[in-house]
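A look at the structure
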Amino acid sequence: MSVSKWVVDATHSSADFTIRHMMIAKVKGTFHNFSAEIEANPEDLTTASIAFSVELSSIDTRNADRDNHLRSGDFFGIEEHPNLTFKATKIVRTGDGEYDVTGDVSLHGVTRPETFEVTYEGSGKDPWGNEKAGFSAKGSIKRSDYGLTYNAALETGGVLIGDEVKISIELEAGKQA
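Residues numbered from 1 in each chain as written. Predicted model: local features only at pLDDT ≥ 70, side-chain atom pairs only at ≥ 80, totals over all residues. Heavy atoms only, no water.

**Remarks on a negative patch on the surface**
Among the surface-exposed residues, Asp96, Glu98, Glu121 and Glu170 lie close enough to one another that they form a single negatively charged patch. Along the chain, Glu121 falls in strand β9 (residues 110-125). (Patch = residues over 30% accessible without salt bridge, like charges linked within 9 Å, V, L, I, M, F, W, Y side chains within 5 Å. Areas by Shrake-Rupley, 256 points an atom, 1.4 Å probe, with all protein chains shown as cover. Salt bridge = Lys/Arg side-chain N within 4 Å of Asp/Glu carboxyl O. Lys, Arg positive; Asp, Glu negative; His and termini not counted. Charge placed at Lys NZ, Arg CZ, Asp CG, Glu CD. Helix = DSSP H or I, 4+ residues; strand = E, 2+ residues; numbered from the N terminus.)

Set out below in structure tokens:
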């Protein structure tokens, strides 16, 4: 396969996260609006150009009050910082169809390098003849690294909100004609 542009099929893709709550449980959420710019040979991502953007206002944790609080200045401050972005800077093959993708994550006015494990899931043609490719990515970031420090102490010790945010992305992309 040669290097081509790929467009995310949002109806078959997801950008999800998990974070600890009260030191005893996990809360899961998703972002409904995101996009990616991918120029790659899916079978060899080492020379790929990958950029990913998430509209933070599209957060959904299945609780409207919590989602609105996350959009506020206590957390994302979406009026000033509406997006989370990622731009790949280094891609290393770690196995068959597996890669460590390092890039600059920009969130809340802070840009830091982060590495995600990416898997090429395969490719094929859909029933209408369109070439599709699938990718999975997982990793984690510390919210404190991005100035997201809002929290509350618990009377039993510990804090209300964990610092580590686990990220899971599933992408299906269509080859651009």
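This is not the end of the story, as more comes after the structure.
**Observations concerning unusual backbone geometry**
The phi dihedral of Met22 falls on the positive side, at around 60 degrees, and the residue is not glycine. Examined against the element boundaries, Met22 turns out to sit in the loop between β2 (14-21) and β3 (25-31). Phi at Met23 is positive, roughly 70 degrees, even though this residue is not glycine. Inspection of the secondary structure puts Met23 in the loop between β2 and β3. Taking relative accessible area as the criterion, Met23 reaches 45% and is therefore assigned partly exposed. (Buried < 20%, exposed > 50% of the residue type's maximum accessible area, 1.4 Å probe, protein only.)

**Some thoughts on the pattern of salt bridges**
One side chain can pair with another of opposite charge once the charged atoms of both are near each other. Under the criterion given, the structure shown has 5 salt bridges. A salt bridge links Lys132 to Asp9; the shortest N-O distance between them is 3.4 Å. Taken together, the positions of Lys132 in strand β10 (residues 131-142) and Asp9 in the loop between β1 (4-8) and β2 put the pair 123 residues apart, joining distant regions of the chain. Neither Lys132 nor Asp9 differs from the other in exposure class; each is buried. When the shortest N-O distance is used, the salt bridge between Asp44 and Arg93 registers 3.0 Å. Pair noted here: Asp44 is in strand β5 (residues 44-55) and Arg93 is in strand β7 (residues 83-95), with a separation of 49 residues, a long-range link. One network of salt bridges, with partners in common, ties together Arg112, Glu114 and Asp145.

**Side note on the pairing of β1**
What you see with β1 is a clean split: Ser4, Trp6 and Val8 sit on the buried side and Lys5 and Val7 on the side with no burial. Of the pairings in the sheet, the one linking β1 to strand β4 (residues 34-41) comprises 3 bridges and is antiparallel in character. Directly across from Lys5, in β4, lies its bridge partner Glu39. Where β1 and strand β11 (residues 161-175) come together, 3 bridges link them in antiparallel fashion. Residue pairing in the sheet places Val8 in a bridge with Ala173 of β11. (Pairing = 2+ DSSP bridges.)

**Thoughts on the environment of Ala48**
Position of Ala48 relative to the elements: it lies in strand β5. Relative accessible area serves as the criterion here: at 15%, Ala48 is assigned to the buried category. Sequence separation between Ala48 and Lys28 is 20 residues, and the spatial gap between their C-alpha atoms is 30 Å. Not counting residues within four places of it along the chain, the set of residues in contact with Ala48 comprises Glu39, Ala40 and Ile91. (Contact = heavy atoms within 4.5 Å.)

Honestly, it's all geometry; don't read function into it.
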